[in-house]
Amino acid sequence: MKFVKMHGIGNDYVYFDAVTTPGVEKRFAAKVASASPAGKALIQRISDRHRGVGSDGVILVCRPTAAGVKAGADVRMRMFNADGSQGEMCGNGVRCVAKFAHDRLGVRTTPMRIETGRGVLSIEYRASKGRLVAATVDMGAPILDLRRIPVLKRKLAFEGAPHHWGIVDDEKQLGLVGTFVSMGNPHVVIFENGSKDYNRRSLADVDLQRLGPLIERHAAFPNRINVHFAAPIGRSKVVMRTWERGAGVTQACGTGAC
């Protein structure tokens, strides 16, 4: 199987062309919303950073569905996390899909339109000497309604300031305050100065390897969740550390940055 590996600010995926070879999609996915058992195992093998190619996951560049064609999509993105689970959206990944479609498939529409799990998104891009060199995606409006993210309100500890919720567990390993948002995929953002446990620690001291999986699989999140610890640095910059659902610690997350 031929592949291309690309990254957006360190958020790296292995890309396969399922436009010119549609059979590639069938090899990975049995259903629209999930990987097949064999496909899941293949994604895990490819993503393994010690014995495989190594990546945060696998992305297929596919032909649009009938609904996508009706909405004007040029190509479709199917994104799988390193553990083989399918994600709805990836901000860095969709920019790389635009580069793949432009450079390798000859798509030249402006803006380019890519079908994703969140719908058809618009990509503005800049090309030089026949190659796409920069791309910006319109991520759409954030979703703050807990039911649509989804987050189970009854599993949260309390509501603080608007959109601030307490996250605790029965083992007392968690005592955090988070803000929930969906950009087509679910996120919780925990600001360093918004948590009783972490307001005096630097972001580097957060034990992301321990807390990430605990929060990702908390009972309040039926589809699991992406986890971001963030801290404002002055009035124009925020630093974040990310634990991505199904992938673990990643160097960047486009939807998380939103």
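As a starting point, this report considers the structure included with it.

Rules used throughout
- Residues numbered from 1 in each chain as written.
- Predicted model: local features only at pLDDT ≥ 70, side-chain atom pairs only at ≥ 80, totals over all residues.
- Heavy atoms only, no water.
- Phe/Tyr/Trp six-rings, centres within 6.5 Å; stacked < 30°, edge-to-face > 60°.
- Helix = DSSP H or I, 4+ residues; strand = E, 2+ residues; numbered from the N terminus.
- Buried < 20%, exposed > 50% of the residue type's maximum accessible area, 1.4 Å probe, protein only.
- 1 Å grid on protein atoms, 1.4 Å probe; cavity = no way out; pocket = protein on both sides within 12 Å on 5 of 7 lines; lining within 4 Å.
- Points joined across faces, edges and corners; volume = space filled by probe spheres on them.
- Nonpolar A, V, L, I, M, F, W, Y, C, P; charged D, E, K, R; others polar.
- Pairing = 2+ DSSP bridges.
- Axes fitted to C-alpha atoms, helices over the stretch in contact; angles between N-to-C directions.
- Contact = heavy atoms within 4.5 Å.

On inspection of all chains with the given rule, the structure shows three aromatic pairs. For the pair Phe3 and Phe16, a centre-to-centre distance of 6.3 Å together with 55° between the ring planes defines the contact as tilted. Residue Phe3 is found in the segment before strand E1 (4-8), and its partner Phe16 is found in strand E2 (residues 11-18); the two are separated by 13 residues along the sequence. Given the relative accessible area of 42%, Phe3 is considered partly exposed. Phe16 gets classed as buried once you look at its relative accessible area, which sits at 3%. A ring pair is formed by Phe16 and Phe28, whose centres lie 5.1 Å apart and whose planes are at 50°; its orientation type is tilted. Of this pair, Phe16 sits in strand E2 while Phe28 sits in helix H1 (residues 23-28), placing them twelve residues apart in sequence. Neither Phe16 nor Phe28 differs from the other in exposure class; each is buried. Put simply, the rings of Phe3, Phe16 and Phe28 pair up and form one aromatic cluster.

Okay, empty space enclosed by the protein next. Taken as a whole and judged by the stated rule, the model has one cavity of 30 Å³ or more. The volume enclosed by the largest cavity comes to roughly 70 Å³. Around the largest cavity, the lining residues are Asn11, Met79, Asn81, Gly87, Met89, Cys90, Asn185, Asn226, Glu244, Arg245, Cys253 and Thr255. Considering only residue class, the lining of the largest cavity consists of four nonpolar, six polar and two charged.

An order of E9-E10-E11-E12-E13-E14 is seen for the six strands of this open sheet, with the pairing classed as mixed. One side of each edge strand has no neighbouring strand; the edge strands of this open sheet are strand E9 (164-168) and strand E14 (248-250). With direction set aside, neighbouring strand axes in the sheet form an average angle of 35°. Together, strand E10 (175-182), strand E11 (186-191), strand E12 (226-232), strand E13 (238-244) and E14 form the strand contacts of helix H5 (residues 208-216), whose direction differs from that of E13 by roughly 65°.

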